[in-house]
Amino acid sequence: MSPKPVAAPAASSVEWYPEPPSSGDPQHAPPLPGRARPGTAEGPLPLAAVVPRPAADPVSLTGLAACVEDARSAAQSPRTSPPDPTFFSTLRARLGEAIARLPMAYRAAMGEPLLRALDGMGSGGFARILAMDPGREGAARLLLDLAQAVLQRGEGYQARATAAFQEVVSDLYDGFLSAEDRRGVKPPDHGVTPPLIRWGPAETGPYTWPATATAAFDVKAAVVSLPAANAGGGLLAWPALAHETAGHDILEADDGLREELARAVSKQVLAAKMDPAVAGYWSERIDEAASDVLGVLNMGPAAAVGLVGYFRALNGAWRGMPELRSVGREEDPHPADIARAYLAAETVRLLSFSGAERWADRLIVEADRDVEQIRFGDVAVSAAVARASAAAVARAIVKTRMPSLEGRALGEIQDWRDRDEAIVAVLRREMKEGGARAGTALPRTYSIGTYAAHAVAAAVYEAVAGDSPPSEVMGRMVGVLAGMHERNPEWKEHPVAPPARRPGGPRAA
């Protein structure tokens, strides 16, 4: 039996960044146990006993330019991901071995369904899927990405960085969908198992295949991709994982949420007495706008700083101009870069931690450095209108209570509080001093209640402040995250496999 046909809406991966140059234009799996997460009301450790309350002043952005250059260099790196497995018999054999090294939840949600799909299509069906998608943008890309996610994990590709990457994605997804955060809200309609990760090509940037897309092959978990070069460089690419995992994958998990958010955004912008065209511009781009907001709710100001810096880096790498773009073309599903920077800043302003207002003001100043004539599709808008509309959009997405979430607002489910900033302040010293460079366990005084989102945020804070080179911070962050992953109960019995030494197979770098 052939796999289900891949319908156009379900077959699309969701990219964090608009128009990569490569294209020119750009429920049955057992759930993993929930974990307490940043922003939850309760936590197992009273942080006040560990570290004093952090100052409200935002960190300096003295090192942002160096971080942009670091990310630009990684985006232009010749380092490539493992070659796609295009020989059916070899792929089938390798998958059988790799699946056995996955935790039970991932064998049930991804590995076994993928094998059944391959067996159903046979070598002829597999070849037809590849032939019908020579540009690797639809069904073939999805199928190969699913295979890569299983193989890279099972065969030990980039073992330490893979552990770190998986920990961030698992933390962000589990954190939003956990019972602790969603009390009183029904389980998600799709994808209760956190995404599996894969390292991809540089030209695609970060992207995800939500569970609604992977269902085309009966797989019940998403796949999140990050360029392989970011395993060892380009720190500012890592906050984009909050956009992909806590953003796009969450939006797809609850039926109707996207449409409810689009209506709320249109209503809020119109209530602010703005041009209906501006309201339509934002509501038509709800996927990207809401994902940006959710990223900030889950990672705090670091997600907003990362957005500004990473966009500058990719524009520098791909177009020779390391600045935010002020024009959002009508056919582009992403809002203009400058609009997204304002949206991220205004979302920070709505967070609960005591420094939120000053952080937001600092982020607005940083975005303003790149402002030119702003266009939302065919409509020219002033910077003041762009900022005001972004503030209205942020309020709508964060504050509106949604029927699909049993009357809860996204900002009630996830938030960034002073406790989170306190954890980040402690971890930031770890990023500065390098105690976890080799992936050693974190000191017990703050390991309980400390999660991957905190570690990424701490690394971003330290690097953009200019206190440590981004390359050094990156290595320390990966060590901290890999140490967390070693103790993650969902993965503890299935650590990253040693590198596979097989002809043509992926090899650890």
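Residues numbered from 1 in each chain as written. Predicted model: local features only at pLDDT ≥ 70, side-chain atom pairs only at ≥ 80, totals over all residues. Heavy atoms only, no water.

**Remarks on the overall build of the protein chain**
When you go through the protein chain residue by residue, the secondary structure sums to 20 helices and nine strands. Within the protein chain, the fraction of its 509 residues that count as buried is 62%. Just so you have it, the protein chain exposes about 17,900 Å², and 55% of that area is on carbon and sulfur atoms. (Helix = DSSP H or I, 4+ residues; strand = E, 2+ residues; numbered from the N terminus. Buried < 20%, exposed > 50% of the residue type's maximum accessible area, 1.4 Å probe, protein only. Areas by Shrake-Rupley, 256 points an atom, 1.4 Å probe, with all protein chains shown as cover.)

**Overview of the sheet that holds strand E5 (residues 327-328)**
The mixed open sheet is built from three strands, whose spatial order is E5-E6-E7. Both edges of this open sheet fall to E5 and strand E7 (379-381), since each of them pairs with a single strand only. Of the strands in this sheet, E5, strand E6 (374-376) and E7 touch helix H10 (residues 276-283), which is tilted by about 75° from E6. Packed onto the sheet, helix H15 (residues 383-399) meets E6 and E7 and runs at close to 50° relative to E6. (Pairing = 2+ DSSP bridges. Contact = heavy atoms within 4.5 Å. Axes fitted to C-alpha atoms, helices over the stretch in contact; angles between N-to-C directions.)

**Examining the environment of Ser471**
Residue position: Ser471 is located in helix H20 (residues 470-487). Taking C-alpha positions, Ser471 is 6.2 Å from Gly233, a pair spaced 238 residues apart along the chain.

**Overview of the packing of aromatic side chains**
One pass over the full model with this rule turns up nine aromatic pairs. Plain terms: the ring middles of Tyr281 and Phe376 are 4.6 Å apart, the flat faces sit at 5° to each other, and that makes the pair stacked. A residue pair is termed long-range when its members are at least 10 positions apart, and Tyr281 in helix H10 and Phe376 in strand E6 qualify at 95 residues. Like Tyr281, the residue Phe376 is buried in the burial classification. Cluster of aromatic residues (ring-pair linked, three or more members): Phe165, Trp199 and Trp238. Geometry around Tyr342 places Arg387 over its ring, the cationic atom sitting 5.7 Å from the centre. (Phe/Tyr/Trp six-rings, centres within 6.5 Å; stacked < 30°, edge-to-face > 60°. Lys NZ or Arg CZ within 6 Å of the ring centre and 35° of its normal.)

**So, empty space enclosed by the protein**
In this model, the second largest cavity occupies a volume close to 50 Å³. Along the walls of the second largest cavity sit Ala74, Ala75, Ala202, Gly205, Pro227, Asn230, Tyr310, Leu314 and Trp318, which together make up its complete lining. Residue assignment for the lining of the second largest cavity shows that the elements contributing at least two residues are helix H2 (64-75) and helix H12 (301-319). Per-element accounting of the lining of the second largest cavity gives the leading share, three residues, to H12. (1 Å grid on protein atoms, 1.4 Å probe; cavity = no way out; pocket = protein on both sides within 12 Å on 5 of 7 lines; lining within 4 Å. Points joined across faces, edges and corners; volume = space filled by probe spheres on them.)

**Considerations on the nonpolar core**
Counting 118 residues, the largest nonpolar core has Trp199, Trp238, Trp282, Ile397, Met477 and Leu481 as the members making the most contacts within it. If one sorts the elements of this core by residue count, H12 sits on top with 12 residues. Setting aside chain neighbours within four positions, we find Ile397 in contact with Leu261, Val265, Ile286, Ala289, Ala290, Val293 and Leu410. With 36 residues, the next largest nonpolar core counts Leu91, Met121, Ala149 and Val150 among its residues. (Core = buried A, V, L, I, M, F, W, Y, C linked by side-chain atoms within 4.5 Å.)

**A short note on the confidence of the model for the protein chain**
Overall, the predicted model of the protein chain reaches an average pLDDT of 84, with 80% of residues at or above 70. Below pLDDT 50 for its whole length, residues 436-441 participates in 17 contacts with residues either more than four positions away or in separate chains. Low pLDDT, under 50, characterises residues 500-509; the stretch is placed with 20 contacts to residues that sit more than four places away or in other chains. (pLDDT = per-residue confidence, 0-100.)

**Notes on the pairing of strand E4 (residues 223-227)**
With five of five residues buried, E4 lies mostly within the body of the structure. By the alternation rule, side chains of E4 split into Val223, Ser225 and Pro227 and Val224 and Leu226, which are all buried. Across five bridges, strand E2 (residues 196-200) lies against E4 in parallel orientation. The partner of Gly200 across the bridge, within E4, is Pro227. One ladder, built from three bridges, connects strand E3 (residues 207-209) with E4; its direction is antiparallel. From the neighbouring strand, Trp209 faces E4, where its bridge partner is Val223.

**Thoughts on the pairing of E2**
The buried count for E2 comes to five of five residues, which makes it a mostly enclosed element. Side-chain alternation along E2 places Leu196, Arg198 and Gly200 on one buried face and Ile197 and Trp199 on a second face that is also buried.

**A word on the environment of Ala253**
Secondary-structure assignment places Ala253 in helix H8 (residues 240-253). When the C-alpha positions of Ala253 and Ala222 are compared, they lie 9.9 Å apart, and in sequence the two are 31 residues distant.

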